[in-house]
Every structure is written in structure tokens, then in C-alpha cells.
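Residues per chain, in single letters:
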Amino acid sequence: MHFSICTLFPEFFDSPLAVGLLGRAVEEGVLSVERVNPRDFTADNHRTVDDRPYGGGPGMVMLLDPMLKALGHVEQRGGRGRTILLTPRGRPLDQNLARELAGEERLTVICGRYEGMDARLGDLVEIEEISVGDFVLSGGESAACCLLESVGRLLPGFMGHEESGDEESFALGLLEYPHYTRPEVVHDEKGRELRVPEVLLSGDHKRIAAYRRELALATTWERRPELLATAPLTQQDVESLKERRAHSPKPARGRNLYLVLAHHPVLNKEGEEVAVSLTNLDIHDIGRVSRCYGLGGFFITTPLEDQRRLAATLLEHWTGGAGSVANPDRAEALSGVGVVASIPEALDAIRDRAGRDPLVYATSARIAPERRRGGKRKKTAMPESVTIPQVGEALDDRPVALLMGTGSGLAPGVVRAVDAVVRPLRPFADYNHLSVRSATSILVDRILGDTE
């Protein structure tokens with residue numbers, strides 16, 4: 001495989017291409033790397049490759065002409081193959097993309113500098129943009145080293161043992177299991193023995209494989225649980241993770257999340273503040289979501305006494321009456337549902353249960369305006385908007401009460417009194433009218449994920 005690296009600093013790659021597995025791969029011809037400097041294709045005495053940006057602003061922008069000539073030089077010497085520009089706005093480099101690129105015969109990698117390339121490069125040359133992470137580097141050279149090695153490791157002949165690549169982190173969608181080597185026993189500073197796990201000394205390859213799989217699952221669960229959403233898992237893997245979750249000393253974040261379904265004060269279609277009737281499906285479906293995700297609680301609020309009696313009758317049927325016998329799972333889900341007269345009563349109940357005041361976040365189909373500079377806002381203004389990941393982060397520190405409105409949404413007075421408004425689920429859609437039970441289900445899943 002051949003790499004062409006377009007860089008203003010070709011000497012940056014001297015060491016990476018001369019040491020370790022990468023150096024050996026170059027020496028043995030597993031891959032070849034040429035470095036092309038755009039400065040070599042300039043016509044002025046200063047070898048200028050950058051200029052000031054149109055529209056003003058800090059920094060400089062790389063000129064088109066030297067880079068186009070550098071790419072033309074690569075094309076003449078055997079072809080560019082897939083041409084990659086390393087940039088923070090590109091497609092994330094992951095193991096799947098590395099595997100895809102490893103199937104190519106030639107790759108050309110453009111290392112940007114300064115404020116980046118003149119954007120018209122992409123109009124003149126077919127380019128793929130790739131990012132090695134959500135951070136900013138001084139140039140693309142460090143990123144190019146990451147791409148070069150991640151792709152190179154997947155080439156036949158690169159690794160000493162071809163099977164090594166199959167067992168590394170991300171190869172099977174999981175983080176890699178821990179490794180041990182000699183000596184068999186070491187001691188810490190207090191004299192305590194740290195032994196190699198017995199199973200690794202057993203010689204039983206089937207047991208060792210199972211043990212390593214278990215550790216890979218455990219490591220991924222603890223450190224990168226989001227990877228489990230796409231990792232290929234067996235039913236045995238799932239059962240193992242369920243067992244680990246059940247005995248985890250770390251409390252699940254879901255216990256800090258409380259749902260409050262408000263039936264007053266909400267808006268009707270004419271924009272008037274009203275109290276609306278309970279919906280049987282809302283009670284059942286949101287109750288099951290609350291139980292499935294292990295939430296701290298689910299409260300229904302209505303000031304109408306007949307509605308509270310109706311809710312109590314429904315809940316009694318499913319939790320203590322004939323319904324509980326016919327459908328024990330439904331009884332379990334609805335046993336945590338509370339019915340109160342108002343939002344303040346629900347917040348009081350959450351405070352009593354959690355032992356401290358919760359953050360109160362409202363849901364809305366409209367994006368809240370930005371908070372004014374200095375963190376202050378008028379009493380009549382909407383509170384700031386928070387993203388769904390920010391809700392999840394808040395759960396690490398304190399309880400959160402999530403207010404959902406029935407009818408046509410929560411009344412403005414309720415929204416103005418909360419700590420923040422959660423960004424809508426479908427703010428850019430031309431139809432943004434999910435039912436409250438559907439919106440709640442999606443919102444809870446996005447906040448907690450499928451491993452919570």
C-alpha cells in the first residue's frame with residue numbers, strides 16, 4: 001500500500017517512519033510513504049504557501065495553487081487514490097473506517113496548517129474529510145500519524161502475529177481485555193501480593209477465551225458503555241452484563257431522573273391555560289418507561305379531584321386488583337407512579353425521596369432563547385436551553401425533575417420558573433408534534449442510553 005503525505009513539514013515523519021512496527025513495515029515494503037511539500041511548488045523567493053483570509057479574522061489560510069500542484073505531482077507519479085484532508089469537521093476515524101481504508105492500494109493525505117485550506121480545494125479535487133477526534137491540533141501531521149498507523153496495522157504482514165489485530169480494542173466492537181506477563185507474582189508498596197489470574201495459568205484455552213471475553217465486556221461496560229450499542233453481542237454476553245449491572249456498586253444515573261407529567265397548567269390549541277384530562281395510555285406507557293430505565297419516580301399532576309380518583313382507581317386495579325394477577329409486569333411498572341394535585345407537590349415529593357432539591361427541566365417543542373450575557377435573565381424571559389447530553393451530565397451530581405406537558409404544552413408561567421428547557425427532539429422537522437408518551441420514551445432513552 002502506498003501513502004502520499006502532503007505536508008509543509010515532511011521531517012515531522014522521520015521518526016515515526018523509522019521505528020517500531022511502522023518502521024519495519026516500511027523497511028520490508030508492506031507499505032511505502034512519500035512526502036510531498038507544497039512549498040516545492042511555489043514560484044516566489046519566500047516559498048509562500050499561505051495568505052490572509054477574505055473577510056478578516058485571525059490566522060492565515062493555505063493557498064490553493066501550491067497544494068493543487070502538489071496533488072498533481074502525486075497524480076503523475078502513480079495516482080492519488082482516495083484523497084483525505086485531515087480536519088476536525090471530518091468523518092470520525094474509527095476502526096471500521098481504518099479497515100475500509102486498508103483495502104485501498106493508494107491513499108493521499110493532506111495535512112493542513114494555520115486556519116486550514118482554502119475551501120475551494122474541495123470544489124476542484126475530490127476529497128474526503130476525516131477527523132481523528134474532537135479537538136484541535138496545530139497541524140494535520142499528528143493526525144496523519146494516527147491514520148497511517150491505524151490503517152497500516154490492518155495490512156497483511158504488518159503485525160508479527162496476524163491474529164493480534166483480531167483481539168485488539170475495537171476489533172470486535174469492545175475494548176481489549178487486560179494483559180499480564182512475568183513475573184507471576186509482584187508486591188505493592190505495602191507488601192501485598194498481586195498475582196496473575198489463575199485461569200491464565202491453567203492452559204485451558206477455552207476457559208481463557210471465556211475469561212478474556214468477560215473482561216473485555218466488563219472493561220467496555222465500565223469505561224466506554226456507548227460502544228455496546230453497536231458491538232456484536234451474544235445472549236450470554238447480555239446475561240453477563242445484566243449480572244454485572246445488578247451487582248455494580250456505582251448507582252445507575254437513572255435513579256436521579258424523575259418524570260412529572262403535568263395536566264395543569266397547560267395550553268389548549270387556542271393558547272389558553274387549561275387543565276386537561278388524564279390519558280390511560282400515558283399512565284401505562286410512561287410508567288413502563290420509568291420502570292424499564294430504573295428512574296427515581298414518575299408523578300402525574302392534576303388539580304381535578306375526579307381525575308385523581310380515576311387515576312387512583314386505575315393504579316389500584318393494576319397494582320393490587322385483578323390486573324396485578326393477570327399482568328404482574330404491568331403491576332411492577334405502575335407501582336412507582338404517584339398522583340398529586342400540582343407540580344409543586346410533585347417537586348416536594350421528589351425532594352423528600354432524593355434528599356435534596358432537584359434541578360427542574362421543562363420539555364418543549366420550541367428552542368429556548370440564549371441566556372443573556374452575565375447569566376442573568378428577565379423574570380418574563382424563557383430560561384436557557386440545555387442539550388440532552390447536558391441533562392445526562394447533570395444526573396451525575398444531583399436529581400433532575402423532567403416536566404412534560406400534556407395538551408399543547410406547558411403554560412409559559414411554568415416554563416419561566418424552571419432551571420432550563422431541554423432542546424426539542426425534532427427542532428428541524430416540518431412536523432414536530434409527538435405524543436407526550438412517545439416524546440418521553442425517546443427523551444429518556446437519549447439521556448440514559450441502552451446500557452443504563
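Computed from a predicted structure; not experimentally measured.

Basis of the calculations
- Numbers given for residues are sequential positions, taken from 1 along each chain in its written order.
- In keeping with the predicted nature of the model, local features appear solely for residues at pLDDT of at least 70, side-chain atom pairs appear and are counted solely at 80 or more, and the whole-chain, interface and lining totals rest on all residues.
- In computing side-chain properties, one takes all heavy atoms of the structure into account and sets aside hydrogens as well as water.
- An automatic or database domain assignment supplies the residue ranges for each domain.
- Think of a nonpolar core as a cluster: buried Ala, Val, Leu, Ile, Met, Phe, Trp, Tyr and Cys residues, connected wherever their side-chain atoms sit within 4.5 Å.
- A 1.4 Å probe rolled over the protein chains alone gives each residue an accessible area, and that area as a share of the maximum for its type sets the label: buried under 20%, exposed over 50%, partly exposed in between.
- Numbering of helices and strands runs from the N terminus, with a helix taken as a DSSP run of H or I at least four residues long and a strand as a DSSP run of E at least two residues long.
- Note on definitions: a residue-residue contact is assigned when non-hydrogen atoms from the two residues lie within 4.5 Å.
- What makes a salt bridge here is a side-chain nitrogen of Lys or Arg within 4 Å of a carboxyl oxygen of Asp or Glu, nothing more.
- UniProt positions are given in the numbering used here, feature names are shortened, and annotations may be inferred rather than shown by experiment.

Trainee: So what's going on with the domain arrangement of the protein chain? Which residues, and what values?
Mentor: In terms of domains, the protein chain is made up of domain 1 (2–153), domain 2 (185–247) and domain 3 (253–367 + 380–448). Here the C-alpha centroids of domain 1 and domain 3 sit 50 Å apart.

Trainee: How would you sum up the nonpolar core? Please name residues and give values.
Mentor: Core analysis: the biggest nonpolar cluster contains 34 residues, and L257, Y361, L402 and I447 have the highest contact counts within it. Ranked by residue count, the leading element in this core is helix α15 (residues 436–448), at 5 residues. Discounting chain neighbours no more than four positions away, the residues touching L402 are L257, Y258, L259, V260, Y361, T363, V422, L443 and I447.

Trainee: Tell me what's going on with the side chain of S290, and back it up with residues and numbers.
Mentor: Among the structural elements, S290 can be located in helix α8 (residues 280–292). The class of S290 is buried, set by a relative accessible area of 8%. Contact partners of S290, with chain neighbours within four places excluded, come to L295, G297 and F298.

Trainee: Explain the pattern of salt bridges to me, using residue names and the numbers behind them.
Mentor: Going through the model one piece at a time under the given rule, you end up with 28 salt bridges. Note that E34 is salt-bridged to R77, the shortest N-O span being 3.3 Å. Residue E34 is located in strand β2 (residues 32–36), and its partner R77 is located in the loop between α2 (64–76) and β5 (82–92); the two are separated by 43 residues in the primary sequence. Its relative accessible area of 11% is what places E34 among the buried residues. With a relative accessible area of 53%, R77 lands in the exposed category. When the shortest N-O distance is used, the salt bridge between E141 and R113 registers 2.8 Å.

Trainee: Outline the UniProt feature "binding site: S-adenosyl-L-methionine" (unreviewed entry) in the protein chain, supporting the account with residue identities and numerical values.
Mentor: Under the local residue numbering, the UniProt record ascribes the feature "binding site: S-adenosyl-L-methionine" (unreviewed entry) to G112, V132, G133, D134, F135, V136 and L137. Here G112 shows up in the loop between β6 (106–111) and α4 (121–124). Judged by its relative accessible area of 12%, G112 is buried. With residues near it in sequence (within four places) discarded, G112 still touches M62, G139, G140 and E141. Within the secondary structure, V132 is located in the loop between β7 (128–131) and α5 (141–152). When neighbours within four sequence positions are excluded, V132 is seen to be in contact with L93, A143 and C146.

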